[in-house]
Amino acid sequence: MSLRRHHRFFIATTTGRLLPLGAAFVLAAACGDDSAGDTSATTTDSTSTTTAGTAGTTGTTAGTTTATGSGGESDSDSAGTTATVTTSATDPTVATTTDTATDPSTGSDSDTDPITSTTDDTTTGGGGCGLCNQPNQSCVDDVCVTTCQGQQPDPCGPDQVCDVISGECKAEGDACVLAGGYQACEAKTCGPGSVCDGVGECVPIAPCAGVDCTDQGECWGSLCSCTRTIECDEPSAALLNGPFSTDIGGLDFADDCNAYMVTLRSGPDYVRRITPDGTLTTWTGVANLNMGEVRVLKRLTVPQATQKDKPLAGQIPPPPQKIEGFGEVAITYTCCPTCGCQANPPQGVARLDEQNMQNPLPIIIVAKATQGNGPFGDTAADAGPHGLTWGEDRVLYVGNSTDNGDWNTADLDKATQAKVLTFPVRVTAAAPVSPAHILVGLIGGEVHTYNVNTQTTEFLVDLGQDITSLSHDSFTGLVYAGLRDLEIVELHPFTGDVITFGKMPGKGRVAVSPSGKLWFTPVKILNNLPLSSWPLPNSF
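Residues numbered from 1 in each chain as written. Predicted model: local features only at pLDDT ≥ 70, side-chain atom pairs only at ≥ 80, totals over all residues. Heavy atoms only, no water.

As for the overall build of the protein
Then step 1. In terms of regular secondary structure, the protein is built from two helices and 36 strands.
Then step 2. Residues counted as buried form 56% of the 540 residues belonging to the protein.
Then step 3. Within the protein, residue pairs in contact and separated by at least 24 positions form 53% of the contacts whose partners lie at least 6 positions apart.
Then step 4. Approximately 21100 Å² of the protein is accessible, and the part contributed by carbon and sulfur atoms is 49%. (Helix = DSSP H or I, 4+ residues; strand = E, 2+ residues; numbered from the N terminus. Buried < 20%, exposed > 50% of the residue type's maximum accessible area, 1.4 Å probe, protein only. Contact = heavy atoms within 4.5 Å. Areas by Shrake-Rupley, 256 points an atom, 1.4 Å probe, with all protein chains shown as cover.)

So this is what it looks like as structure tokens:
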């Protein structure tokens, strides 16, 4: 299907004035990449580029990772400007801004006036800046300078926006700009790079890994990155299309680039892992049960660092800390009610326990047999639990375990199971998008946002087709959805804006890898096709 309504995409993730993606999310072409290619996937390591307007929303090539064209946009407009700030002789708490901004690319006066508010507080007796301790403040030549971050309304000029990464006013078309409105969150407001968790806190979302807040509760994303950090490369297409993918039905990647799969076949099913160097490990499932999905607990934002020339206080990225649960693997056992699969042990959700040699895939959520008529149009592939995913809180979530539409959880730390709520129809896919939010896809194409703190849902968008899979990109924060008619769409998880990305070569699922590729995984019992991939943007 082709979406009848294509939206303009926005980089901001909150309500209020949003910055269109075409302005804020300038991809590799902003660095001189004007290349364009077709949208077909390739099974080699050198993946094909994606046609402009398909994988991205700007007129540039969103999918390229190496520049093949010449020229490109001038970066003269994206250079930060500087301003001389002088304090008022009549009021020591108010400053005026003199227009001496210079465009570093030309050496001439610029029409851009950076908006900063200043305070020269000499009332403390020792001179200097006095109290100048907010995350959007810095002491410059004994003057407390406040950037545009956290200020409402946006103090920048009519043709500019406040970039929360740099704290400067920039043109909407500049590269590496994160801007937008602010969302009320009880006593706080959550700006670009953050979102309200439903209980009064602002939490980070890609492309940011932290949140800064003023004492007045104005918050925005911090530790943001304009370039994808690639720590490893997943196994090559040749390795993924070797013995690893025999009878494959689902695929996911860990942060360390190990790939995991589950089979869907007659007889016992298997979980396999392959490392980037090609080491293959196999675990056998319990009894004669099919497998459906595999999910790995991983980071929701990539490792990032600020891009500021002059980092503000407190914005030095902390050293990486090991988070309990990252790398844990869960799978679904499925069986249709009439397929004759073994009922003892029952189907449900299992967690991979590599230390348990006797039972490495024990069931932790017990499910009864349920049946759907999509998204694959196959009795075996559409049966049992669907929509398996992890919350960042190390809680497993899955749909249809107790009945079609039921949303069930398993808290590994508390060793508890529960039915949280019931959706109006059967669940088919899910993906976490923040520490507090999970996108849930339903049969028919509706996408709902589930809040793990409030345990409530809100309708986000209707994609018009059954959803086979949802996969979150931890760099851009975008979600990729595979649909029943084979179309792949790119979805903003907080605005609901959708654009067409490409097309799967057959019935299957999609999964984002840590190196920035979107992989197509066939359900081989339905179509014996190779795994293939498209490159995703590495910068904005």
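Overview of the pattern of salt bridges
Two side chains bearing opposite charge may form a pair once their charged atoms approach each other closely.
Then step 1. Summed over all chains, the structure comprises 14 salt bridges.
Then step 2. Among the ionic pairs, Glu-231 bridges to Arg-299, the shortest N-O distance being 2.8 Å. Linking Glu-231 in the loop between β13 (218-224) and α2 (237-240) with Arg-299 in the loop between β18 (290-296) and β19 (329-334), this pair joins segments that are 68 residues apart in sequence.
Then step 3. Sharing partners across several salt bridges, the network here consists of Glu-231, Asp-255 and Arg-299. (Salt bridge = Lys/Arg side-chain N within 4 Å of Asp/Glu carboxyl O.)

Topic: the pairing of strand β27 (residues 437-442)
One face of the sheet, then the other: side chains in a regular strand alternate in exactly this way.
Then step 1. For β27, the tally of buried residues reaches six of six residues, placing the bulk of the element in the interior.
Then step 2. With burial as the criterion, each face of β27 is covered, one bearing His-437, Leu-439 and Gly-441 and the other bearing Ile-438, Val-440 and Leu-442.
Then step 3. Bridging between strand β26 (residues 427-432) and β27 involves five bridges; their strand directions are antiparallel. For Pro-432, the partnering residue across the bridge sits in β27 and is Ile-438.
Then step 4. Once β26 ends, the chain turns through four residues before running back antiparallel as β27.
Then step 5. Looking at chain direction, β27 and strand β28 (residues 446-451) are connected through five bridges and run antiparallel. Each residue of the ladder has a partner; that of Val-440, found in β28, is His-448.
Then step 6. In this structure, the hairpin formed by β27 and β28 is closed by a connection of three residues, where Gly-444 is found at a positive phi of approximately 105°. (Pairing = 2+ DSSP bridges.)

Some remarks on the side chain of Ser-515
Then step 1. Checked against the element boundaries, Ser-515 lands in the loop between β34 (508-512) and β35 (517-522).
Then step 2. On the basis of relative accessibility, which here comes to 6%, the residue Ser-515 falls in the buried class.
Then step 3. In contact with Ser-515, not counting residues within four places along its chain, are Arg-228, Ile-230, Cys-232, Asp-233, Glu-234 and Asn-538.

Side note on the sheet that holds strand β23 (residues 395-399)
Then step 1. The sheet built from four strands is open, its strands ordered β22-β23-β24-β25 with antiparallel pairing. The open sheet has two free edges, formed respectively by β22 (386-390) and β25 (416-422), since each of these has just one partner strand. When the angles between neighbouring strand axes are averaged without regard to direction, this sheet yields 20°.
Then step 2. Relative to β25, strand β24 (residues 406-411) is paired through six bridges, and the arrangement is antiparallel. Paired with Asn-408 across the strands is Lys-419, a residue of β25. (Axes fitted to C-alpha atoms, helices over the stretch in contact; angles between N-to-C directions.)

Some thoughts on the pairing of β19
Then step 1. Most of β19 is tucked away: six of the six residues are buried.
Then step 2. Neither face of β19 is left uncovered, since the one carrying Val-329, Ile-331 and Tyr-333 and the one carrying Ala-330, Thr-332 and Thr-334 both have all their residues buried.
Then step 3. Looking at chain direction, β18 and β19 are connected through five bridges and run antiparallel. Its bridge partner lying in β19, Val-294 is registered against Ile-331.

Looking at the nonpolar core
A general feature of soluble globular proteins is that nonpolar side chains tend to end up buried together.
Then step 1. Counting residues in each nonpolar core, the largest one holds 17 residues, and the members touching the most others are Tyr-260, Val-271, Met-291, Ile-331, Tyr-333 and Leu-361.
Then step 2. Of all the secondary-structure elements, those providing two or more residues to this core are β15 (259-263), β18 and β19.
Then step 3. Those residues within four positions of Met-291 in sequence are excluded, and the remaining contacts are Val-262, Thr-263, Leu-264, Asp-269, Tyr-270, Val-271, Gly-285, Ile-331, Thr-332, Tyr-333, Thr-334 and Leu-361.
Then step 4. By size, the runner-up hydrophobic cluster in this structure holds 16 residues, among which are Val-433, Ile-467, Leu-491 and Val-498. (Core = buried A, V, L, I, M, F, W, Y, C linked by side-chain atoms within 4.5 Å.)

A short note on the side chain of Ser-245
Then step 1. The residue Ser-245 is located in the loop between α2 and β14 (248-253) in this model.
Then step 2. Note on Ser-245: relative accessible area 0%, which makes it buried.
Then step 3. Among residues more than four places away in sequence, those in contact with Ser-245 are Leu-240, Met-261, Arg-272, Lys-524 and Leu-531.

Some words on the state of the cysteines
Then step 1. Applying the stated criterion across every chain, the model contains ten disulfides.
Then step 2. Covalent S-S linkage joins Cys-208 and Cys-224, the inter-sulfur distance amounting to 2.0 Å. On the S-S bond that ties Cys-208 to Cys-224, the torsion sits near 95°, and the link is right-handed. With Cys-208 in strand β12 (residues 208-213) and Cys-224 in strand β13, the pair connects residues that are 16 residues apart, well separated along the chain. With respect to burial, Cys-208 and Cys-224 carry one shared label: buried.
Then step 3. The disulfide partner of Cys-232 is Cys-257, and the gap between their sulfur atoms is 2.1 Å. Torsion about the S-S bond of the Cys-232 and Cys-257 cystine: about 85°, corresponding to right-handed handedness. With Cys-232 in the loop between β13 and α2 and Cys-257 in the loop between β14 and β15, the pair connects residues that are 25 residues apart, well separated along the chain. (Disulfide = S-S within 2.5 Å.)

Overview of the packing of aromatic side chains
Each pair of aromatic rings is reported with the distance of its centres and the angle of its planes.
Then step 1. Summed over the entire model, instances satisfying the criterion amount to seven aromatic pairs.
Then step 2. A centroid spacing of 6.5 Å and a plane angle of 45° characterise the contact between Phe-253 and Trp-519, whose relative ring orientation is tilted. Taken together, the residues span a long stretch of sequence, with Phe-253 in strand β14 and Trp-519 in strand β35 at a distance of 266 residues. Here Phe-253 matches Trp-519 in class, with each residue buried. (Phe/Tyr/Trp six-rings, centres within 6.5 Å; stacked < 30°, edge-to-face > 60°.)

Considering unusual backbone geometry
Then step 1. Going from Gln-152 to Pro-153, the amide bond is cis rather than trans, its omega being -5°.
Then step 2. Structurally, Pro-153 is set in the loop between β5 (143-146) and β6 (160-163).
Then step 3. The omega torsion across Ala-206 and Pro-207 is 10°, close enough to zero to call that bond cis.
Then step 4. Within the secondary structure, Pro-207 is located in the loop between β11 (202-204) and β12.
Then step 5. Non-glycine residue Asp-141 carries a positive phi angle of around 50°.

A few points about the environment of Gly-444
Then step 1. Checked against the element boundaries, Gly-444 lands in the loop between β27 and β28.
Then step 2. For Gly-444, a relative accessible area of 38% gives the class partly exposed.
Then step 3. Spatially, the C-alpha atom of Gly-444 lies 8.4 Å from that of Gly-374, the residues being 70 residues apart in sequence.
Then step 4. With sequence-adjacent residues up to four places away left out, Gly-444 is seen in contact with Asp-462, Gly-464, Gln-465 and Asp-466.

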